[in-house]
Amino acid sequence: MKKVKRLFWVLAAVALTACNSNDDGVESGIEIPGINLTEDVECCTAEDALHVYKFLQTVKVVPGLTKEVDGNYNVFAYTRDGSLHNGYNEIFFVATKRLTGNYVKDLEVKNISPLMHMVKMDMYHSTPTGPAAERFSEDVIAVKRSWVSFIMNTSEAGSWTLSYDIQILGKEDKVEKQDIVVNGLPEGQAWLKSFKVGDDTYFISLVNPNDWKTGSNKIQAYISKKSDPITTPYALASETFTVEIDPRMPDMGNHTSPDNTPLVKQKDGSYQGNVNLTMTGLWRIHFTVKDDKGNVVAGGEEDLSSLYWDVTI
């Protein structure tokens, strides 16, 4: 208990000089939210809460997706900058007790359901989504993570809503069809592409290329299959593909780089490989998709593949 109290006073001192801008709705004064000074079985230990607090300094709340559950809890949704954009978006979920502000580790978020209304055609469609939210890491046990990859941004042509189901300590609730804004990527960037195999449409979403640097980078993507009906979120494709990559610099004579490896399917359903980016600037990562027998099913033209992602480092 003495160790916990010492930890609290250290953290409280930090709070006096650095206000957490992500504490929307948490009534904890100047105290760092989530620090548990009592034996509360619903909440994290002080050490666990410190990990959550540090993580929340790297993300921001998404407006409109906060939910009060059973009068006792708040659930918040976060992204890196508090907004959503075309292509892949990681979304993080955190629950707190309204009375104390303590983080609650027993949180489930599932059935994440984005829906776009296409105005002119008066029709609806969904987009690729991840599975039920899972623990972010072994250290950050009270943060749950999933993702959505938006195939279109918000415009006069259409608007998005987002729904998801919540369960906290057996208490169930729902965020239902909340209006959200999906921004376009900066000009010249493209992180999501589609391809067809027979009558089926697939979407391949590039994960977090903003994290890349010059040199060798792990490249990760998800391949999702368009649903029937199309209003159902597009789940990960059950088929196994291989994605061969060919990075080029279109502003530098289309020169390439060595030591790249194809993206292959992992146990978690993602595809991972390596891309070597030898200098800063715009990179066009051409890719060719092969099926589990090695047959080219998308891209693969003789010169440069017509399928590519555009990223800038």
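Residues numbered from 1 in each chain as written. Predicted model: local features only at pLDDT ≥ 70, side-chain atom pairs only at ≥ 80, totals over all residues. Heavy atoms only, no water.

Chemist: I'd like a description of unusual backbone geometry, backed by residues and values.
Modeler: With an omega dihedral of 10°, the bond running from aspartate 228 to proline 229 counts as a cis peptide bond. With respect to the secondary-structure elements, proline 229 resides in the loop between strand 16 (215–225) and strand 17 (242–248). (Helix = DSSP H or I, 4+ residues; strand = E, 2+ residues; numbered from the N terminus.)

Chemist: Account for the packing of aromatic side chains, with residues named and values stated.
Modeler: Scanning the entire structure with this criterion turns up 14 aromatic pairs. Relative to tryptophan 147, the ring of tyrosine 88 lies with its centre 5.6 Å away and its plane at 35°, an arrangement referred to as tilted. Here tyrosine 88, found in strand 5 (residues 87–97), pairs with tryptophan 147, found in strand 10 (residues 144–150); they are 59 residues apart in sequence, far enough to count as distant. Tyrosine 88 gets classed as buried once you look at its relative accessible area, which sits at 3%. An angle of 20° between the planes, with centres 5.7 Å apart, marks the rings of phenylalanine 203 and tyrosine 234 as stacked. Placement of phenylalanine 203 in strand 15 (residues 200–206) and of tyrosine 234 in the loop between strand 16 and strand 17 is noted, with a sequence separation of 31 residues between them. Accessibility classification places phenylalanine 203 together with tyrosine 234 in one group, the buried group. The rings of Phe55, Phe92 and Phe136 are connected pair by pair, giving a single aromatic cluster. In this structure, lysine 193 is placed above the aromatic ring of tyrosine 308, and the distance from its NZ or CZ to the ring centre is 3.9 Å. Its guanidinium or amino end placed over the ring of tyrosine 308, arginine 284 lies 4.2 Å from that ring's centre, counting from NZ or CZ. (Phe/Tyr/Trp six-rings, centres within 6.5 Å; stacked < 30°, edge-to-face > 60°. Buried < 20%, exposed > 50% of the residue type's maximum accessible area, 1.4 Å probe, protein only. Lys NZ or Arg CZ within 6 Å of the ring centre and 35° of its normal.)

Chemist: Can you explain the environment of methionine 152? Please cite residues and give values.
Modeler: Considering the arrangement of structural elements, one finds methionine 152 in the loop between strand 10 and strand 11 (158–168). The exposure class assigned to methionine 152 is partly exposed, which follows from its relative accessible area of 25%. Distance in space between the C-alpha atoms of methionine 152 and asparagine 183 is 8.7 Å, their sequence separation being 31 residues. Among residues more than four places away in sequence, those in contact with methionine 152 are Asn86, Met116, Met118, His125, Trp160 and Val182. (Contact = heavy atoms within 4.5 Å.)

Chemist: Provide a residue-level description of the pairing of strand 3 (residues 73–79), including the pertinent values.
Modeler: With seven of seven residues buried, strand 3 is to be regarded as a mostly interior element. Going residue by residue along strand 3, you find Tyr73, Val75, Ala77 and Thr79 tucked away on one face and Asn74, Phe76 and Tyr78 tucked away on the opposite face as well. Pairing geometry for strand 1 (residues 60–61) and strand 3, over two bridges, is antiparallel. Directly across from valine 61, in strand 3, lies its bridge partner tyrosine 78. Counting the residues in the hairpin turn of strand 2 (residues 67–69) and strand 3 gives three residues, including aspartate 70, whose phi is positive at 60°. In this sheet, strand 5 lies alongside strand 3 in antiparallel orientation, the contact comprising six bridges. Across the sheet, the residue bridging to tyrosine 73 is lysine 97, located in strand 5. (Pairing = 2+ DSSP bridges.)

Chemist: Tell me about the sheet that holds strand 12 (residues 171–180), residues and numbers included.
Modeler: If you walk across this open sheet you meet the four strands as 8-7-11-12, and the pairing is antiparallel. In the strand order of this sheet, the two ends are held by strand 8 (123–125) and strand 12, each with one partner. Each strand of the sheet is rotated relative to its neighbour by a mean of 20°, with strand direction disregarded. Here strand 11 runs beside strand 12; their pairing, made up of eight bridges, is antiparallel. The residue of strand 12 that forms the bridge with glutamine 167 is glutamate 172. (Axes fitted to C-alpha atoms, helices over the stretch in contact; angles between N-to-C directions.)

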